[in-house]
There are 2 protein chains.
Amino acid sequence: MRQTMADMVHRIQDEICDALKQLDGVEFRQDEWTRPEGGGGRSRVFSGGKVFEKAGVNVSVVHGTLSPQAAKSMGGGHELDGADLDFFATGISLVLHPHNPMAPTVHANYRYFERGEGKKSGSWWFGGGADLTPSYLFEEDAVHFHRVHKDVCDRHEVADYTRFKQWCDDYFHIKHRGERRGLGGIFFDDVNDASREDCFAFVTECAEAFLSSYLPILALRKDMPFTPEQKEWQQIRRGRYVEFNLVYDRGTTFGLTTNGRIESILMSLPLTSRWEYCHEVAEDSEENRLLEVLREPKNWLQD
Amino acid sequence: MRQTMADMVHRIQDEICDALKQLDGVEFRQDEWTRPEGGGGRSRVFSGGKVFEKAGVNVSVVHGTLSPQAAKSMGGGHELDGADLDFFATGISLVLHPHNPMAPTVHANYRYFERGEGKKSGSWWFGGGADLTPSYLFEEDAVHFHRVHKDVCDRHEVADYTRFKQWCDDYFHIKHRGERRGLGGIFFDDVNDASREDCFAFVTECAEAFLSSYLPILALRKDMPFTPEQKEWQQIRRGRYVEFNLVYDRGTTFGLTTNGRIESILMSLPLTSRWEYCHEVAEDSEENRLLEVLREPKNWLQD
């Protein structure tokens with residue numbers, strides 16, 4: 001499974017980067033890196049394209065020994081006795097920040113993890129998910145994004161859209177703001193309640209669905225007109241994105257405490273962001289319409 | 001001491017705000033807030049002035065009951081048995097981010113803390129410090145800032161500049177970057193190794209010295225010419241400031257976990273910041289001269 005998953009994430013990275021390159025016209029910068037403690041990755045990032053302010057699509061295949069602190073900060077391994085600190089992890093992680101404030105930021109991440117030899121019960125698992133973070137609310141975009149992911153979940157017994165949707169809303173919670181980072185999607189961890197092959201099939205189909213979940217939304221929004229005030233609101237929302245990633249995100253914490261490649265971990269941060277003291281939005285504004293669904297997540301699908 | 005310290009920080013807030021208003025011409029916005037669990041504060045913030053991109057000078061006087069997590073994340077109280085979770089805290093905290101990339105950001109914070117009734121050994125203490133964060137290195141600015149603080153320390157037996165300077169370099173360490181946030185200054189916590197009055201006298205003199213430590217530097221730098229590239233470098237350094245505050249800063253963590261006033265806690269973040277993937281500076285550049293002293297802190301004073 002180690003090799004199978006590593007091959008899959010590299011293939012998906014190629015597919016996604018090819019599609020984005022065609023859309024944006026800019027070449028990704030590629031960095032292949034190795035980690036002194038074991039393994040490495042292939043990071044592809046660009047900024048200043050026609051469509052994207054910053055876009056990163058990274059894969060990594062790493063192994064080594066966890067610190068007890070790092071072991072605690074990640075999912076899985078709950079049935080282990082704490083002695084199995086050897087780990088193997090491979091995954092793909094991407095974050096796309098478009099220029100246009102009408103076009104949402106998107107994040108997706110799919111990963112496979114082993115502790116020890118990966119043979120004991122609970123010593124391997126899959127995790128991942130995808131979530132959409134707009135600055136302005138277009139309900140049909142949320143519906144489309146959730147629909148694509150629900151359809152994938154519905155085809156796999158190991159997946160449960162309702163649970164994974166809730167998990168996403170709970171995970172991307174900026175507690176000190178009482179807001180979710182965005183409109184959610186799906187999030188899951190510790191997926192090992194079926195054969196490794198069945199779990200892999202689910203995660204693979206999620207990763208393959210990424211482009212169809214996002215590109216149609218981007219096509220609708222990337223050339224919409226916008227005002228400087230709307231661009232500024234996007235920058236404030238970017239600030240919230242930074243707050244979530246640096247204060248709460250487990251992947252970031254895990255990376256920073258396991259001597260990961262800093263530039264690859266922090267590629268998720270937007271190119272620019274803004275913090276206005278006591279920024280307020282008008283009651284009947286589009287900005288407030290977004291805030292309402294960030295404060296009280298909605299079920300976007302009726303069935 | 002609770003009242004004495006609270007009076008002092010309010011007086012210093014007035015003095016500093018008056019001086020900054022005179023310099024910048026903009027009125028501070030003032031927010032008086034109360035905390036449901038006990039106490040409150042007076043926040044003064046402005047952005048978009050002539051000199052400052054964003055400036056905040058806050059005081060607070062709060063009390064309540066700590067969560068065990070919050071009790072761990074703060075200094076002091078080491079001799080307590082963990083049962084004294086009642087607390088009282090008052091202090092002043094300020095962060096000034098000037099527009100001009102040649103003018104440094106500055107931060108200062110002075111606080112008094114009690115746990116339980118504040119009578120047991122180790123149940124009260126003072127903390128604080130001040131540090132300078134430039135985007136470009138002017139050695140004479142670092143020397144002046146450190147000199148003012150060393151002179152204060154030298155007049156108080158409870159203070160030790162050499163130790164507090166080292167503590168500052170250690171505290172403002174962005175570990176994942178291998179850089180300090182800035183050129184340091186002094187940092188101290190758990191100061192209770194003298195009478196309460198003597199400790200208070202030291203902290204008061206530090207707070208009173210703030211304007212003389214910073215204004216002469218600002219006067220030299222605020223109107224210097226600069227290029228768009230230098231402004232962009234400042235924005236990248238602002239990004240590092242955000243990384244430190246959200247990932248490592250104990251005051252921020254403490255505020256976020258004790259239901260502090262979010263806007264007052266996060267007023268320390270710059271108005272705007274930037275994350276460039278794999279940003280690099282030329283070996284013989286001014287940007288690199290700064291990085292060198294952030295990576296290897298210097299002793300700015302020869303005596």
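Residues numbered from 1 in each chain as written. Chains lettered and ligands numbered in written order. Predicted model: local features only at pLDDT ≥ 70, side-chain atom pairs only at ≥ 80, totals over all residues.

### Here we look at helix α6 (residues 228-247) of chain B
For step 1, the next point in the chain: Here α6(B) is 20 residues long and its end C-alpha atoms lie 29 Å apart, about the 28 Å a rise of 1.5 Å per residue gives.
For step 2, the next point in the chain: Within the span of α6(B), buried status applies to B:Trp233, B:Gln234, B:Arg237, B:Arg238, B:Gly239, B:Arg240, B:Tyr241, B:Val242, B:Glu243, B:Phe244, B:Asn245 and B:Leu246. (Helix = DSSP H or I, 4+ residues; strand = E, 2+ residues; numbered from the N terminus. Expected span 1.5 Å × (residues − 1). Buried ≥ 20, exposed ≤ 12 C-beta atoms within 10 Å, placed from the backbone.)

### Concerning the interface of chain B and chain A
Accessible area lost upon the coming together of the parts is a frequently used measure of interface size.
For step 1, the next point in the chain: Contacts between chain B and chain A engage 24 residues on the former and 24 residues on the latter.
For step 2, the next point in the chain: Listing elements by their share of the side of chain B that touches chain A, those giving two or more residues are β2 (39-47), α6, α8 (262-265) and β10 (272-274) of chain B.
For step 3, the next point in the chain: If you tally residues by element for the side of chain B that touches chain A, the top one is α6(B), at four residues.
For step 4, the next point in the chain: Where strand β10 (residues 272-274) of chain A meets β10(B), three bridges bridge the pair, whose relative direction is antiparallel. The residue bridging A:Thr272 from the neighbouring strand is B:Arg274, located in β10(B). (Contact = placed C-beta atoms within 7 Å. Pairing = 2+ DSSP bridges.)

### Observations concerning the sheet that holds strand β5 (residues 105-115) of chain A
Within a beta sheet, neighbouring strands are joined by backbone hydrogen bonds and run either parallel or antiparallel to one another.
Residue and element names in this part refer to chain A.
For step 1, the next point in the chain: A sheet is described by the order of its strands in space; here seven strands give the open sequence β1-β2-β3-β4-β5-β6-β9, paired in antiparallel fashion. With one partner strand each, in any of the chains shown, β1 (29-34) and β9 (184-191) form the two edges of the open sheet. Neighbour-to-neighbour, the strand axes of this sheet turn through a mean angle of 10 degrees, independent of strand direction.
For step 2, the next point in the chain: Bridging between β5 and strand β6 (residues 124-133) involves ten bridges; their strand directions are antiparallel. Bridge pairing in β6 places Arg-111 opposite Gly-127.
For step 3, the next point in the chain: Sheet strands in contact with helix α1 (residues 2-24) are β2 (39-47), β3 (52-65), β4 (86-98) and β5, and its direction is about 10 degrees off that of β4.
For step 4, the next point in the chain: In the packing of helix α5 (residues 196-221) onto the sheet, contacts are made with β4, β5, β6 and β9, and the angle to β6 comes to roughly 10 degrees. (Axes fitted to C-alpha atoms, helices over the stretch in contact; angles between N-to-C directions.)

### Considerations on the sheet that holds strand β5 (residues 105-115) of chain B
Residue and element names in this part refer to chain B.
For step 1, the next point in the chain: One open sheet holds the seven strands; their spatial order is β1-β2-β3-β4-β5-β6-β9, and the pairing between them is antiparallel. A strand with exactly one partner marks an edge of an open sheet, and here the two such strands are β1 (29-34) and β9 (184-191). Each adjacent strand pair in this sheet contributes to an overall mean axis angle of 10 degrees, direction not counted.
For step 2, the next point in the chain: Here ten bridges tie strand β4 (residues 86-98) to β5, and the two strands are oriented antiparallel to one another.

### What about the nonpolar core?
Taken as a class, soluble globular proteins show a tendency for nonpolar side chains to be buried jointly.
For step 1, the next point in the chain: A:Ala207 and B:Ala207 are the most contacted members of the largest nonpolar core, which has 140 residues in total.
For step 2, the next point in the chain: In this structure B:Ala207 touches B:Met8, B:Ile12, B:Ile92 and B:Tyr110, once residues within four positions along its chain are discounted. (Core = buried A, V, L, I, M, F, W, Y, C linked by C-beta atoms within 7 Å.)

### A short note on the pairing of strand β6 (residues 124-133) of chain B
For step 1, the next point in the chain: Of all ten residues that make up β6(B), ten are buried, and the element is covered over most of its length.
For step 2, the next point in the chain: Every second residue of β6(B) is oriented toward a common face, with B:Trp124, B:Phe126, B:Gly128, B:Ala130 and B:Leu132 on one face and B:Trp125, B:Gly127, B:Gly129, B:Asp131 and B:Thr133 on the other, all of them buried.

### Here's the deal with the pairing of strand β3 (residues 52-65) of chain B
Residue and element names in this part refer to chain B.
For step 1, the next point in the chain: Most of β3 sits out of view: eleven of its 14 residues are buried.
For step 2, the next point in the chain: Pairing analysis gives nine bridges linking β2 to β3, with the strands arranged antiparallel. By the bridge assignment, Val-45 is partnered in β3 with Gly-56.
For step 3, the next point in the chain: Counting the residues in the hairpin turn of β2 and β3 gives four residues, including Gly-48, whose phi is positive at 75 degrees.
For step 4, the next point in the chain: Here 13 bridges tie β3 to β4, and the two strands are oriented antiparallel to one another. Following the sheet pairing, Val-62 is matched in β4 by Ala-89.

### Notes on the packing of helix α6 (residues 228-247) of chain A against α6(B)
For step 1, the next point in the chain: Where α6(A) meets α6(B), the closest approach of the two axes is 9 Å, and the angle between their N-to-C directions is 50 degrees. Taken as axis vectors, α6(A) and α6(B) run oblique relative to one another. For the element pair α6(A) and α6(B), the recorded crossing hand is right-handed. For the pair α6(A) and α6(B), contact is made by A:Val242, A:Glu243, A:Leu246 and A:Val247 and by B:Val242, B:Glu243, B:Leu246 and B:Val247, respectively.
For step 2, the next point in the chain: The residue inventory of the contact of α6(A) with α6(B), partitioned by class, reads six nonpolar, no polar and two charged. (Parallel < 35°, antiparallel > 145°, perpendicular 65-115°, else oblique. Left-handed = near helix turned anticlockwise from the far one by under 90°. Nonpolar A, V, L, I, M, F, W, Y, C, P; charged D, E, K, R; others polar.)

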